[in-house]
Each structure stands twice: as C-alpha cells, then as structure tokens.
Amino acid sequence: MVVSTEPADTRKKPLSIIEREELTVRFAGDSGDGMQLVGMQMTNTTAMFGNDVSTFPDYPAEIRAPAGTLAGVSGYQLNFGAHKLRTAGDRVNALIAMNPAALKANIADLETGGILVVNEDAFNKTNLAKAGYTENPLEDNSLSRYQLFRVPVDKLNAEACAESGLTGRATARCKNFYALGLCYWLFGRSIEATERWIKDKFGGKPAVADANLRALRAGYYFGETAEMFPARYLVAPAKIATGRYRKVTGNEAVAMGLVTAALLAKKPLFYGSYPITPASEILHELSKHKNFDVRTFQAEDEIAAMTSVVGAAFAGAFAVTGTSGPGMALKQEGIGLAIIAELPMVIVNVQRGGPSTGLPTKTEQADLHQAVWGRNGEAPLCVLAAATPADCFAIVLEAFRIAVEFMTPVIVLTDGYLANGAEPWMIPDTAKLPKFTIKHPTEPDGEEHRFLPYKRDGRLVRQWAVPGTPGLEHRIGGLEKRDVTGEVCYDPHNHHHMICTRRKKIDNIAETIPPLGVLGEPSGDLLVLGWGSTYGPITTAVERCRAKGMSVSCAHLRYIDPMPKNTGEVLSRFRTVLIPEMNLGQLLAHIRAAFLIDAIGLSKVQGKPFMIQEIESKIEEILNHHNGRKS
Amino acid sequence: MSTQSATIQLTAKDYGSNQEVRWCPGCGDYSILAQVKKVLANLGAIRENTVFVSGIGCSSRFPYYMNTYGFHSIHGRAPGVATGIKLTRPELDVWVMTGDGDGLSIGGNHLLHTIRRNVGIKILLFNNRIYGLTKGQYSPTSPFGKKTKSTPMGSVDYPLHPLSVAIGAEATFVARAIDVNTKHLEYVLERAAKHKGTSFVEIYQNCTIFNDLAFEYASGKETKDETTVYLEHGKPLIFGKERNKGIRLHGMDPEIVTLGGNIKEDDLLFHDEKQAEPSLAYLLSRMHYPDFPEPLGVFRCVERPTYEEMVMGQVSDAVKTKGPGRLEDLYDDGETWVVN
Ligand SMILES: Cc1ncc(C[n+]2csc(CCOP(=O)(O)OP(=O)(O)O)c2C)c(N)n1
Ligand code: SF4
Ligand SMILES: [Mg+2]
C-alpha cells in the first residue's frame, strides 16, 4: 500500500490505533548506519514503558564491509510484548530498511502484510546494483505483499539537521535517529529517554547532540504530520514481577556477576583474556570497574590468558578468563593444568560459529563436547550453561560457588545470541545475594608440622593454601601427584586412584545443585530437553503446543557436568525425548551415552537461533507419528 | 624484594626442600640450584613470600627442590602463571625457571611479552643449547649444523641469541653467567634478585648427557680467559690471560685490540649498564665465540615502572576517583525503571 503520492486532503482519515499482544521490529542498514545503536535505544525505551523485551542483534564480521553490499548489512531485532517473552520473535512484523541491501537481506523474514519502511533515497542505481537488484523493488510491485512506506529519510534528515551547523557528511550520520524517531511515533513510544541519552552521550559535542536531537524529533513529527501511516501500533505493558529493572545483555550480565561474586567473597577479581568476538565486551566491561579491585590483564594470547588465571588462582584471587571457540581450543592445555592442580577458577566460553574461525559474529552451541571432553587425559571439570541473557548473572555466581567449594575450574557456556541479546533484568536486592565465605588454611595439618596440599575432606576437596602463608610452603604442578602429600608420584595404583578421585569430586557437585524441573506433566509422550540459549524457543514452542492441547513437556539443563541427580529418572518417564540444539547433536550424544535412551535430535547450525515455529513443527510431527502408531 | 627479619637468619640449606634432586650427575643445574639458595640466604628472603614457577624441561624441575611455594606448570607457559601470581600478590618474590626450548621455542611469545611489560619477576633461562628432557633434540639456541637425534645430517636452523631477544623486547635487566663460575653466578643472581622489574638472566648450563662440553670454550681452564670478557659497570672491556686485550669500537663495530704501544685503556669500550638506549647492550649481546670473547655479567640494568605497580596504581586511582565499588552503583549503570 503506497500512500505517499496521494494529495494531502483526500486522505484525511482518522488515525486508527491497533493493539497488539506482541510486536517484532527489525532495523536493518549498513554496518556503518548505527542500526545496533538505535535498536538498543528502542529496547531501552520499550522496556522502560513496561513491555517485556527480547532482542537479537545480527551484525557482520567485517567492521565496515563495502557500503551498500549484502555483506555489510547489520540488523537489530527486538520483540516486545504485553506478556512474558523468551525469544526475539520468529517473524518480523515491521522492517526498517535503510538501503536496498538491507531490504534484500531481510525481506524474507517479514510477515505477509507486515510493515515495511524504506529509506527511498537510498534506492538509487548504484545501491541497487550493489545489492544485486536489476529492477528497483520499490517500483516493480514485488513488494505488494507488504505495507510499503517510502520515506525519503536522507532528504528529510538533511533538512532537519540543516541548522545544526554540522556538515553534510556528519548530518547523514544522524539518519538512524531519524528512523528511530519515526518508529517511536509508529509504535507509540516517547522519545524522552533517547533524548536524555543523546544529551548525555554527546554532551561534549553540542553540535552533534543538537543534530541527533533534531533528527530524532523530525522523524517523530514526520510520523505525526505526514499522514502516511494509516495506523499506529500499541503493545500494552506486560504483567511482570514488581521491582526495579534494567536491560542487560548476556555479556554485561556475566561481567556484573563476576564483579558481584568477587566482592561478596572479598576477593580481588583477576580477569585474564585475549580479545575475541563475541566475548570481548566482558573484558571491556570489567576494565571499567577497577574500583571494585578488578585487575584485568589483556594477555598476548589465550594460552597466556589461561595460565595467568591459573597463577592468579594459585595466589588466591577469584580468577576468571573469557573467550570464544578458537580461544577455548588454545586454553585447553592450561585448563588441564588447573584440573590436575585442583585450583578454583571460572572459564567463560561465549560460543560462536565454528569450526576454526567459522562465523565469528554468529551464534552456535557446538562447543559442548569441547567443554566436557576437550582436554588430554581424563580431565573432568564442572560445566554450566546459561539459559537467557539475564541468567548469565546467576550462572556466574553459581560457577564461582562451585569453583571455590570444590576447588575446580568451572566452564560457563554462553553463546553469541545470549551475549549480545538483551532482556530486562530485575536488579537484585544486594542483601539477598548469596554469601561466600572462603577459608584459606593458616596452619600445617600433617604430622611433624607438615602441610599436606592434597589432603581431602569428605567431599574429596583439598584446601586452598595461598603463597604468603608461613608454614604452608608447597609445590604443585602438572605431574601426577601422590594423594594427600602432593609429591610427584608415578605409582600406577596411585594414578588410577587420582583419576577416579578427580572424577568423583566433580560428581559430588551434584549433591549441591537443584533437581531438574519439568514444565508440563512430569511424564508423558514427549519431553523436549534443552540447554543454553535454546531455552527461549523451546519453552515458548512447548507452551504453544500445550495451549493447543498437545501432551508435551520440557526441561532445561543449566548443569551439563555433573547433571542434576534426577536427570535420568526424569527422562525415563517420557516415551520420547527430543533435544533441539544448534549443533549436530552434542547434548544428544551425551544423554544417550549417560542414560542409554533413544533420544531424538533436532539440529540447526545456521548461525541463527531456532525459530519457535521450527520446534513446534517438530513436536507436532513426533506427536502425530505417535498417534499414527497408536491408531 | 621481601626480606627475613634479622632474628631468624636462614642458611642456604634452609631454602632447599626434602626432595631428592634428580638431575644427572654433573649437570650444570646443580650449580644454579646451589647459587640460588645462597642468594636467597644472602638476601634473607622470606620463604613463604617466595614462589618459583617453571615450565617443562630438566631445568623446570627446579621448584620441587626449593622449600618455598612453587608451581611446575606446562611447557613454555611459566611467564603467564608468574604474571597471574604477581598481579594477584605483587608483594611476592616470583622467579621463573626456564630452558632454551621452554623459554624460546614453545614459550617464546610469552617470554617476549612478559619482558616487554616489565613484570617484576626474575627469569633464569638455563641455556644448554639442547632439549635435555626429551633426550637430545636440537633447540633454538643450538648452533647451525648441530647433529642431534632429530638432525642426523646437521641442523639447518639458524640459532637465536637469548640476550639479543630480551633486549629487543625492551628488557630492563639483562645478564649472563655460566654454571661453573659459581662466584660470578652468585653475583649476577643477586643483582637480578634486587632488580625491580623483569630480570632476564641467561645461564650457560652444561648438559653432560646430550650436549656435553657445549660451553667448554668458555669454561675450560686453558681457553676461558680468551673466550669470555667480564662486564663491569664503568670499566673498560679487558680480557685475556695477561689481561692485555680489550674491545674497542671501530665505528659501530667492536674489534679486539691488544693494549700497549699506542693503545691505552681509555681507547677501549667502557661498559655502561645504565644507558637509556639499549644499543650498547645489544652490541655486546652480538659478540660471539669464536670471533669475540663472549661477555658475562650485567649487560643492562635500567629503571622503569613495573607492570604490577601500574596495574595496582590504576586500581587505587579508580578507588580514589570513584570510591570503593558498591554493587548498587554497578547495577544502576544506565537506565533503570520500576514495575509496580
Ligand atoms: C606441549 C608440550 N610439547 C612437548 C613437550 C615435550 N617436552 C618436554 S621438555 C621439552 C624440551 C625442553 O627443552 P629445554 O626447555 O631446553 O629444557 P631442558 O630439558 O634442556 O632443561 C619438550 C619438547 C611437552 N612437555 N609439552
Ligand atoms: S639431561 Fe642434561 S640437562 Fe637434563 S638433567 Fe641430565 S645433564 Fe642435566
Ligand atoms: Mg635445554
């Protein structure tokens, strides 16, 4: 529906307001167009309005791929609802495309009848050619399935910023705020929070602040006065738990969790890391918080990052490293050292598309095997996986608890989707956070006043004696050691004993973790089992199927090794277990091996999260098959 | 470094552990172990505040033999472990024991960057020009053409020179000693121990089993006076049995001259370990047998703020400007809203 060419007075219809339960909006443009920025602004504003929000930024690996090309398209999708949301939405209801490439790369995801706002000024010959269009899609009727709105954003933005005193090039950079202003109008949101943000951000550059504010307001007023849009879309606030909220991405939540754990335990936080997408923000974030006694170390590579963490743990810090797939591979020898030395630390792996350099900016869950089995020798450690961006906070606190309680490295798996995706997070009451009391020995406990570094308690945990303590001088390292004394030991039986002891110690962690819960009936035809970021689409798909009357339940593993003690029992109560994963079946293999059940996998390894619909169809397919067999 | 109070004076023996030392008889490592213990005793080092960190190799067994804290880590990675310890507890005295393979082959990258950052640790590189523990393959310091188990026709790798590498990496303290000259080794180690920042010491160490007599030229009674020259700050480079030979600069190049006639001491190259620019130290590190006597002693010793000092400095600056961190402030960063 192209209305912009009609004369003004003939189309003066009353504006309708359309109420929606949930809306998915995607901003798409060149990676230099500032789409991530306006996406985040809109997320903040809608979250502050009271909607539940879930986002999915999707950006290219190249910082500035050639402008106007498909490779350079950057997108930011946000889903906001009047109810609890767990994913960034399957189908896009409204697409804002800043150029032909952005249109081409994203149009397939827009629902039929969806809102399509394009910057028509960018649809010139050159840009069309760069995007591979031979015809201008705005003219050839190919978009007739959508509600097309052609807005001359470049021109209107330039006019709006004319008096800001900036040059043409600089004003062009404000066009993302123009588009955002328009969206604020279209979706009935106030521009206030973004106005505040612009003033704050560009406080030192008044002309830039002024231009961006002009663009934002002009976009908003354009919506109001141009009478191009027949309707505005409103999503009422969601009923969510009362409290104070902020928005967090998974990486921010990891960083806050780490600082929190260290502070609660009265420990310096040592973070040794080497930059890698999509984990670098954790390093950036932590290096802003040095006043919490955070000591960040940008090492020369992941091997040094890992070994520095081993050293820091030996010296008594809360020692942490963060990385992604290729970096994780480099860390493995160091992690083996931490395992045999039995030192507490946390290793965060923000998984991305592999193998090798793979898809650096895309999400994947293909490092589960690497986490559980990735080292030489029998090298068990604890592996946890975060379910949502906000869960990254809780999981990091839990990782720290386990690390120090069991003197073990703990791997926390997140992924690109969790790391960059955002959701509202209820700010915790600091008085209600867990307490960590860490005891370091101060006296030798062996005969003749000897310190026994590998003497264990009932749960097989040794003590954490730190350098600087008189009388506890001891040597540790990567060679096999005699139990209790820690002396180098090549005895075959001792080796077997130590191998079993280290494994048993990790198994003992299961005594301290919550049982696996089930959403839906505790037994039945089908259980969908997930881990990591598939939590959102799995849970939503199962809820939808249940609403349609299907007999399906779901469960989610946050503890991968060891698993909750009741896992096998929960799984055994279902006729079929389905495990959707963004890999070729890694948890699947683990579950089959551990419980000898004939679980079914659902794989998607496209660098993109599952759509709810994809899981729903699989559920339906399985249940139909069951019913077919029954009848 | 942290030192013992005067009342409990420990002897060299007190710094040794009860572990049986397992190096081959005659191995140069024994001498290094003995001198390190002596230096700790001389300086009254506090045992609990001393940490020895090593990688893998014969040399890297060192920490087990000390009655201090110790960490026998993995091949080439001791500098990383040591950096983590130092950034957690800057007050600890941290020593890194490494070999020519451990430090310059697999761990070359870490060595470079640790030295560049000037982390306050003491790195002793036991250079036997061979892989000892893996039973005799050539190493990055083995001479060109060296015949070993893995190079039966002779090595076609050009060697590198540890001190040139350290100087190239902006080292603030660089020295060389040889296992058999125990007095001088003790002196160099004591200087290294006292330096603030990274001390890098190359020790010529004889491997009796796989590379025996590699340093015979520099240790043999007959030859050593002609093949080595001892560096002393502010003194001319003089060597030879008769102490009648010296090193003189000819343009940018060193040359050997004989004293007497019209060549006087004042014409010689005078050592200055404190030169801000490392060119002199580098030039000395390029003097190799058989063309030149090889310098022993402290090549370079300059002051520069240490890494841990600066890291901790930023922490305390942040506390000063922002106040000690409060979780409420951490969470409140950015926009927040209330749901009633
Ligand atoms: C990752 C890894 N690769 C290889 C080895 C085998 N390895 C152990 S020590 C060593 C060489 C040691 O040579 P050097 O550092 O010169 O020590 P030396 O034994 O001569 O004192 C090698 C190759 C290992 N332990 N770890
Ligand atoms: S092999 Fe060589 S370096 Fe190793 S202990 Fe024996 S003599 Fe020493
Ligand atoms: Mg060697």
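Residues numbered from 1 in each chain as written. Chains lettered and ligands numbered in written order. Predicted model: local features only at pLDDT ≥ 70, side-chain atom pairs only at ≥ 80, totals over all residues. Heavy atoms only, no water.

### Structural notes on the overall build of chain A
So, step 1. The helix and strand tally for chain A stands at 20 helices and 22 strands.
So, step 2. Scaling as 2.2 N^0.38, a compact globule of 631 residues should have a C-alpha radius of gyration of about 25 Å, and chain A matches this with 27 Å.
So, step 3. On the principal axes, the C-alpha backbone points of chain A span a range of 100 × 70 × 45 Å.
So, step 4. For chain A, with 631 residues in total, the buried portion stands at 63%.
So, step 5. The contacts of chain A with a sequence gap of at least 6 include a subset with a gap of at least 24, amounting to 76%.
So, step 6. In the structure as shown, chain A presents an accessible area of about 23,700 Å², 54% of it carried by carbon and sulfur atoms.
So, step 7. Here chain A contributes 68 positive and 68 negative side-chain charges, whose respective centroids are spaced 2 Å apart. (Helix = DSSP H or I, 4+ residues; strand = E, 2+ residues; numbered from the N terminus. Rg over C-alpha atoms; globule rule 2.2 N^0.38 Å. Buried < 20%, exposed > 50% of the residue type's maximum accessible area, 1.4 Å probe, protein only. Contact = heavy atoms within 4.5 Å. Areas by Shrake-Rupley, 256 points an atom, 1.4 Å probe, with all protein chains shown as cover. Lys, Arg positive; Asp, Glu negative; His and termini not counted. Charge placed at Lys NZ, Arg CZ, Asp CG, Glu CD.)

### Considering the overall build of chain B
So, step 1. Looking only at helices and strands, one finds eleven helices and twelve strands in chain B.
So, step 2. Its C-alpha atoms give chain B a radius of gyration of 23 Å, near enough to 20 Å, the size a compact globule of 340 residues would have.
So, step 3. With the C-alpha coordinates of chain B rotated into their principal frame, the extents come out at 95 × 50 × 45 Å.
So, step 4. For chain B, the proportion of its 340 residues judged to be buried stands at 58%.
So, step 5. When contacts within chain B are restricted to residue pairs at least 6 apart in sequence, those whose partners lie at least 24 apart make up 66%.
So, step 6. Carbon and sulfur atoms make up 54% of the accessible area of chain B, which totals about 14,300 Å².
So, step 7. Computed over 37 positive and 40 negative side-chain charges, the inter-centroid distance for chain B is 4 Å.

### Some words on the site of ligand 2
So, step 1. Around ligand 2 sit Trp23(B), Cys24(B), Cys27(B), Cys58(B), Asn128(B), Gln205(B), Cys207(B), Thr208(B), Ile209(B) and Phe210(B), and that is every residue in its neighbourhood.
So, step 2. Considered class by class, the residues forming the shell around ligand 2 number seven nonpolar, three polar and no charged. (Near = heavy atom within 4 Å. Nonpolar A, V, L, I, M, F, W, Y, C, P; charged D, E, K, R; others polar.)

### Here's the deal with the layout of surface pockets
Take a probe with the size of a water molecule and roll it over the atoms, and the empty space left behind shows itself.
Residues and elements named next belong to chain A.
So, step 1. By volume, the largest pocket amounts to about 1,500 Å³.
So, step 2. Residue lining of the largest pocket: 43 residues in total, with Leu37, Met40, Lys247, Glu252 and Glu281 positioned closest to the centre.
So, step 3. Taken together, the elements giving at least two residues each to the lining of the largest pocket come down to α1 (35-49), β4 (73-81), α7 (192-201), β9 (243-249), α9 (250-264), α10 (280-287) and α15 (416-420).
So, step 4. With six residues, α1 is the largest single contributor of residues to the lining of the largest pocket. (1 Å grid on protein atoms, 1.4 Å probe; cavity = no way out; pocket = protein on both sides within 12 Å on 5 of 7 lines; lining within 4 Å. Points joined across faces, edges and corners; volume = space filled by probe spheres on them.)

### Quick look at the coordination of the magnesium ion (ligand 3)
All names here are of chain B.
So, step 1. Every protein donor of the magnesium ion (ligand 3) is listed here as Asp100 (OD), Asn128 (OD1) and Ile130 (O), and their distances to the metal cover 2.1 to 2.2 Å.
So, step 2. Spacing between the donor residues of the magnesium ion (ligand 3) along their common chain follows D-x27-N-x1-I. Remark: Asn128 occurs in the loop between β4 (121-127) and α5 (162-168) and Asp100 occurs in helix α3 (residues 100-106); sequence separation between them is 28 residues. Each member of the pair, Asp100 as well as Asn128, is classed as buried. (Donors = N, O, S within 2.8 Å, 3.2 Å for Na, K, Ca; no water.)

### Concerning the interface of chain A and chain B
So, step 1. At the interface, 70 residues of chain A touch 58 residues of chain B.
So, step 2. Summed over both sides, the interface between chain A and chain B buries roughly 5,400 Å², with carbon and sulfur atoms accounting for 61% of that surface.
So, step 3. Joining chain A to chain B, the criterion identifies four salt bridges.
So, step 4. Between Arg117(B) and Glu300(A) there is a salt bridge; the shortest N-O distance is 2.8 Å.
So, step 5. Counting across the interface, chain A meets chain B through 30 residue pairs in polar contact (both at pLDDT 80 or more).
So, step 6. The element that contributes the greatest number of residues to the side of chain A that touches chain B is helix α11 (residues 302-314) of chain A, accounting for eight residues.
So, step 7. Residue composition of the side of chain A that touches chain B, grouped by class: 39 nonpolar, 17 polar and 14 charged.
So, step 8. Bridge analysis of β9(A) against strand β12 (residues 336-339) of chain B gives four bridges, and the strand direction is antiparallel. Among the inter-strand pairings, Tyr245(A) is bridged to a residue of β12(B), identified as Trp337(B). (Buried area = accessible area lost by both parts, 1.4 Å probe. Salt bridge = Lys/Arg side-chain N within 4 Å of Asp/Glu carboxyl O. Polar contact = N/O pair within 3.5 Å; in protein donor to acceptor, adjacent residues only side chain to side chain. Pairing = 2+ DSSP bridges.)

### Looking at the site of ligand 1
Residue and element names in this part refer to chain B.
So, step 1. Around ligand 1 sit 17 residues, and of these Cys58, Ser59, Asp100, Asp102 and Leu133 come closest.
So, step 2. Residue Asp102 places a main-chain N or O atom 2.6 Å away from an oxygen atom belonging to ligand 1.
So, step 3. Within the backbone of Ile130, a nitrogen or oxygen atom sits 3.1 Å from an oxygen atom of ligand 1.
So, step 4. In isolation ligand 1 offers 590 Å² of accessible surface; the protein chains occlude 77% of this area.
So, step 5. Of the residues forming the shell around ligand 1, the biggest block, four residues, is contributed by α3.
So, step 6. Among the residues forming the shell around ligand 1, the class breakdown is six nonpolar, eight polar and three charged.

### What about the sheet that holds strand β8 (residues 238-239) of chain B?
All names here are of chain B.
So, step 1. Read from one edge to the other, the open sheet built from three strands follows the order β8-β9-β10, with strand pairing classed as antiparallel. On the outer flanks of this sheet lie β8 and β10 (253-258), each paired with one strand and no other.
So, step 2. With six bridges joining them, strand β9 (residues 245-250) and β10 adopt antiparallel strand pairing. Pairing of His250 across the sheet is with Asp253, part of β10.

### Some remarks on the confidence of the model for chain A
Detailed conclusions should not be drawn from predicted coordinates in areas where pLDDT is low.
So, step 1. Averaged over every residue, the pLDDT of chain A is 94; the share at 70 or more is 97%.
So, step 2. Considering only residues more than four positions removed or in separate chains, one finds that residues 1-11 of chain A, a stretch of pLDDT under 50, has 16 contacts. (pLDDT = per-residue confidence, 0-100.)

### Observations regarding the pairing of strand β15 (residues 409-415) of chain A
Residues and elements named next belong to chain A.
So, step 1. Counted residue by residue, β15 has seven buried out of seven residues, so it is predominantly covered.
So, step 2. Sheet topology places strand β13 (residues 345-351) next to β15; seven bridges connect them, and they run parallel. Residue pairing for β15: Met345 is matched across the bridge by Pro409.
So, step 3. In the sheet, strand β14 (residues 382-385) pairs with β15 via four bridges, with the strands oriented parallel. For Leu384, the partnering residue across the bridge sits in β15 and is Val412.

### Quick notes on helix α17 (residues 535-547) of chain A
Residues and elements named next belong to chain A.
So, step 1. The end-to-end C-alpha separation of α17 is 18 Å, in line with the 18 Å expected for 13 residues at 1.5 Å each.
So, step 2. All of the buried residues along α17 are Gly536, Pro537, Ile538, Thr539, Thr540, Ala541, Val542 and Cys545.
So, step 3. Positive backbone phi, at 90°, marks Gly549, one or two positions downstream of α17. (Expected span 1.5 Å × (residues − 1).)

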